[in-house]
Amino acid sequence: MSDTDDYCLIDATRPPRADGPPYAACVLCQEPTEYPESCKGVTLCPVCEWREAERTSCSG
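Described in the following lines is the structure provided in the data block. (Residues numbered from 1 in each chain as written. Predicted model: local features only at pLDDT ≥ 70, side-chain atom pairs only at ≥ 80, totals over all residues. Heavy atoms only, no water.)

Concerning the overall build of the chain
Then step 1. Each helix and strand in the chain was counted, giving 1 helix and 2 strands.
Then step 2. Listing every helix and strand of the chain by position from the N terminus yields β-β-α.
Then step 3. Surface exposure of the chain reaches about 4900 Å², of which carbon and sulfur atoms provide 53%. (Helix = DSSP H or I, 4+ residues; strand = E, 2+ residues; numbered from the N terminus. Areas by Shrake-Rupley, 256 points an atom, 1.4 Å probe, with all protein chains shown as cover.)

Description of the side chain of Thr43
Then step 1. As for its placement among the helices and strands, Thr43 is situated in the loop between strand 2 (32-36) and helix 1 (46-56).
Then step 2. At 3.0 Å, the side chain of Thr43 and the backbone oxygen of Ala25 are in polar contact. (Polar contact = N/O pair within 3.5 Å; in protein donor to acceptor, adjacent residues only side chain to side chain.)

Examining the environment of Thr33
Then step 1. The residue Thr33 is located in strand 2 in this model.
Then step 2. When the C-alpha positions of Thr33 and Tyr23 are compared, they lie 5.9 Å apart, and in sequence the two are 10 residues distant.
Then step 3. When residues no more than four places from it in sequence are discounted, the contact partners of Thr33 are Tyr23, Ala24, Ala25, Cys26, Thr43, Leu44 and Cys45.
Then step 4. At 2.9 Å, the side chain of Thr33 forms a polar contact with the backbone oxygen of Ala24. (Contact = heavy atoms within 4.5 Å.)

Structural notes on the pairing of strand 2
Then step 1. Inspection of the sheet shows strand 1 (residues 23-25) paired to strand 2 by 2 bridges, in the antiparallel sense. Each residue of the ladder has a partner; that of Tyr23, found in strand 2, is Pro36.
Then step 2. The antiparallel hairpin formed by strand 1 and strand 2 contains 6 residues in its connecting segment, where Gln30 sits at a positive phi of about 70 degrees. (Pairing = 2+ DSSP bridges.)

A few points about the side chain of Thr33
Then step 1. Exposure remark for Thr33: the relative accessible area of 5% places this residue in the buried category.
Then step 2. A distance of 3.1 Å separates the side chain of Thr33 from the backbone nitrogen of Tyr35, its partner in a polar contact. (Buried < 20%, exposed > 50% of the residue type's maximum accessible area, 1.4 Å probe, protein only.)

Side note on the environment of Ser57
Then step 1. The residue Ser57 is located in the segment after helix 1 in this model.
Then step 2. Judged by relative accessible area, which is 41%, Ser57 ranks as partly exposed.
Then step 3. Among the polar contacts made by the side chain of Ser57, one reaches the main-chain carbonyl oxygen of Glu54 at a distance of 3.3 Å.

Overview of the environment of Leu44
Then step 1. Relative to the elements of secondary structure, Leu44 occurs in the loop between strand 2 and helix 1.
Then step 2. Considered as a pair, Leu44 and Val27 are 17 residues apart in the sequence and their alpha carbons are 6.1 Å apart.
Then step 3. Residues contacting Leu44, with those up to four places away along its chain left out, are Cys26, Val27, Leu28, Thr33, Tyr35, Glu49 and Glu52.

This is how it looks when you write it as structure tokens:
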């Protein structure tokens, strides 16, 4: 895949995964995420990440 094929870059940058607790709270449902508590910005739990990806996916 070349750079010109990368036209849909939803969620292109993500914070690093946490090695262990404490985890950041999801900004939507307040459940624990996979990201460290020190992570700033929008953090989503796996369920909310999946739902957001479905909502914003590139549909043809």
